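Listed below are the residues making up each chain.
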Amino acid sequence: MGKIVSIATGVPDHKHLQEDIFSFADTIYSNSEQDSRKLKFLYRHSDINTRYSTIPDYSLPAEQRQFYSKEKNLEPFPDLEKRMEWYGNYAAPLSVKTIRDCIAGKINSDEITHLITVSCTGMSAPGLDLEIMEAMNLPSDIFRTSINFMGCYAAMHGIKLAAALCSNDPSANVVVVCTELCTLHFQKENTIDNITSSMLFSDGAAAVLISGNNEAEGLTIDHFYSTVALKGKQDMAWELSSKGFLMTLSSYIADMIEENFDELVQNALLTAGISKTEITHWCIHPGGKKILEAVHNSLGFTNG
């Protein structure tokens, strides 16, 4: 099904301390000293030190803001058009830089045969795939497709598609690039969903080169398994609105993961014909501290 030959990650220019992001959020969400103390407690227990963003404002004084209004209430608040304008300015350059880092020393850009873009924080037509093609001067007849608005799972869906393409074409060099600019969608209403998303998510990209050449050096892709837990479909959502994308992020998600994750893993291993004791390395999607703790507990890991 192909081999993972190379992986690279990329981040935007602006690196913010979590305490600076807290200060920005505090002026918006806190109406009292008690609100501020609660918010500070949440930020401190996120165990996040720094986050990257295409927006410089989160650690700048109000008079130097570039994306948000310089007014204390952020009015006029950025509308969807402005957020998509910034996405259009920054998503493609970050994607291109990450792809170049991924393929460096492995293949030349004109040897990329397939391009798969993944994103749920911005969209347009012509889209990110064409912008990358133009910026990298990729062949005009390259296979390209986009996976949009599938959330975190989209990355695995992209890799699954790349593996299928490699199975049909041993000469394939498939690049999957995932680019998310989450901080463009900060919302100022004081809700637990807005507070949580402003505390956890940031901006970045990741690219993977998957080759159909079985002789290539890399990690062989052997098996996929996925299932859907419809029980939680209302607890994690991502919807468009005139003022940006709106997130629903229930506090029950970690509980549902802890309850169901081991069964999911056992079913996946059963279809692959291996046992949990045979696994030497685990790669877990880091959806925040509580998610990692839920996975750790559900799988019965004993390391601290």
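Positions within a chain are numbered from 1, following the residues in the order the chain's sequence is written. For this predicted model, a pLDDT threshold of at least 70 governs which residues receive local features, and a threshold of 80 or more governs which side-chain atom pairs are given and counted, while totals over whole chains, interfaces and linings are taken from all residues. For the side-chain quantities, the full set of heavy atoms in the structure was used; hydrogens and water were omitted.

(A) Spatial organisation of the overall build of the chain. Only DSSP runs of H or I with at least four residues qualify as helices, and only runs of E with at least two residues qualify as strands; both kinds are numbered from the N terminus onward. Each helix and strand counted, the chain has 8 helices and 10 strands in total. When each of the 304 residues of the chain is scored for burial, the buried share is 43%. In what follows, a contact means two residues having at least one pair of non-hydrogen atoms within 4.5 Å. Sequence-distant contacts in the chain: of pairs separated by 6 or more residues, those separated by 24 or more amount to 76%. Surface accessibility in these figures is a Shrake-Rupley result with a 1.4 Å probe; residues are shielded only by whichever protein chains are displayed. Put simply, the chain shows about 16,500 Å² of open surface, and 52% of that area lies on carbon and sulfur atoms. The rule is simple: take the accessible area with a 1.4 Å probe, protein chains only, and divide by the maximum for that residue type; under 20% is buried, over 50% is exposed, in between is partly exposed.

(B) How the structure looks around the packing of helix 1 (residues 18-29) against helix 6 (residues 192-200). To get an axis, a line is fitted to the C-alpha atoms, and for a helix only the part in contact is used. The angle between two axes follows their N-to-C directions and goes from 0 to 180 degrees. Contact geometry of helix 1 with helix 6 gives a least axis separation of 10 Å together with a crossing angle of 160 degrees. It follows from the interaxial angle that helix 1 and helix 6 lie roughly antiparallel. Regarding helix 1 and helix 6, the two cross each other, and that crossing is right-handed. Between helix 1, through Gln18, Ile21 and Tyr29, and helix 6, the contact on the second element is made entirely by Asn194, Ile195, Ser198 and Met199. Should an angle fall under 35 degrees it is called roughly parallel, over 145 degrees roughly antiparallel, and 65 to 115 degrees roughly perpendicular, with every other angle called oblique. The handedness criterion is simple: a crossing whose near helix is rotated anticlockwise from the far helix by less than a right angle is left-handed, and one whose near helix is rotated clockwise is right-handed.

(C) The nonpolar core, seen in detail. Here, nonpolar core refers to any group of buried Ala, Val, Leu, Ile, Met, Phe, Trp, Tyr and Cys residues whose side-chain atoms link them within 4.5 Å. Core analysis: the biggest nonpolar cluster contains 45 residues, and Tyr68, Ile99, Ile112, Leu115 and Phe186 have the highest contact counts within it. Those elements that provide at least two residues to this core are strand 1 (3-10), helix 1, helix 2 (33-44), helix 3 (80-103), helix 4 (128-136), strand 6 (173-181), helix 6 and strand 7 (203-211). Top contributing element to this core by residue count: helix 3, with 9 residues. For Ile112, the residues in contact, after removing those within four places along its chain, are Ile99, Ile103, Ile107, Met136, Leu138, Ile142, Asn173 and Val175. Membership of the second largest hydrophobic core comes to 17 residues, among which are Val118, Ile147, Ala163 and Cys166.

(D) View of the pairing of strand 1. Strand 1 sits mainly inside the fold: 6 of its 8 residues count as buried. One ladder, built from 7 bridges, connects strand 1 with strand 7; its direction is antiparallel. Residue pairing across strands places Thr9 opposite Ala206, the latter belonging to strand 7. Strands pair, by our definition, only if DSSP identifies at least two bridges between them. Across 2 bridges, strand 1 lies against strand 8 (residues 219-220) in antiparallel orientation. In the strand pairing of strand 8, Ile4 is matched with Leu219.

(E) Spotlight on the environment of Asp35. Position of Asp35 among the secondary structure elements: in helix 2. A relative accessible area of 25% places Asp35 in the partly exposed class. C-alpha of Asp35 to C-alpha of Pro139: the two residues are 104 residues apart in sequence and 54 Å apart in space.

(F) Layout of the packing of aromatic side chains. Whether two aromatic rings pair depends on their centres lying within 6.5 Å, for rings of Phe, Tyr and Trp, where Trp uses its six-membered ring; planes under 30 degrees apart make the pair stacked, over 60 edge-to-face, and the rest tilted. One pass over the full model with this rule turns up 15 aromatic pairs. Measuring from ring centre to ring centre gives 5.4 Å for Phe24 and Tyr68, while their planes differ by 45 degrees; the resulting arrangement is tilted. Here Phe24 is found in helix 1, whereas its partner Tyr68 is found in the loop between strand 3 (50-53) and helix 3, with 44 residues between them in sequence. Relative accessible area serves as the criterion here: at 6%, Phe24 is assigned to the buried category. Ring centres of Trp86 and Tyr90 lie 5.4 Å apart, and the angle between their planes is 40 degrees; this geometry places the pair in the tilted category. Remark: Tyr90 and Trp86 occur in helix 3; sequence separation between them is 4 residues, near one turn of the helix. The exposure class assigned to Trp86 is buried, which follows from its relative accessible area of 10%. The class for Tyr90 is partly exposed, based on a relative accessible area of 35%. We call a charge positioned over a ring when the NZ of a Lys or the CZ of an Arg lies within 6 Å of the ring centre and within 35 degrees of the ring normal. One cation-aromatic arrangement involves Lys82 over Phe67; the distance from NZ or CZ to the ring centre is 5.2 Å.

(G) Structural view of helix 3. Look at helix 3: 34 Å from first C-alpha to last across 24 residues, which is about the 34 Å you get at 1.5 Å a residue. When the local axis directions of helix 3 are compared, the greatest deviation, roughly 25 degrees, occurs at Gly88. Following helix 3 by one or two positions, Gly105 adopts a phi angle in the positive range, close to 80 degrees. In a helix, the anticipated span is given by 1.5 Å times the number of residues less one. Bend angle per residue: angle between axes fitted to the 7 residues ending at that residue and the 7 residues starting there.

(H) Structural context of the sheet that holds strand 7. Overall, mixed pairing links the 6 strands, which are arranged 5-4-6-7-1-8 in an open sheet. A strand with exactly one partner marks an edge of an open sheet, and here the two such strands are strand 5 (143-148) and strand 8. Pairing of strand 4 (residues 114-119) with strand 5 involves 6 bridges; the strand directions are parallel. Across the sheet, residue His114 finds its bridge partner in strand 5, namely Phe143. The sheet contacts of helix 4 involve strand 4, strand 5 and strand 6, and relative to strand 4 the element is tilted by about 130 degrees. Contacts from helix 5 (residues 154-168) reach strand 4, strand 5, strand 6 and strand 7 within the one sheet, and its direction differs from that of strand 4 by about 170 degrees.

(I) View of the packing of helix 3 against helix 4. At their nearest, the axes of helix 3 and helix 4 sit 9 Å apart, and the two run at 60 degrees to each other. With respect to helix 4, the axis of helix 3 lies oblique. Regarding helix 3 and helix 4, the two cross each other, and that crossing is right-handed. In this structure, helix 3 uses Tyr87, Gly88, Ala91, Ala92, Ser95, Val96, Ile99, Arg100 and Ile103 to contact helix 4, whose residues at the interface are Leu128, Glu131, Ile132, Ala135 and Met136. All residues other than Ala, Val, Leu, Ile, Met, Phe, Trp, Tyr, Cys, Pro, Asp, Glu, Lys and Arg, Gly among them, are scored as polar; the first ten of these are nonpolar and the last four charged. Classifying every residue of the contact of helix 3 with helix 4 gives 10 nonpolar, 2 polar and 2 charged.

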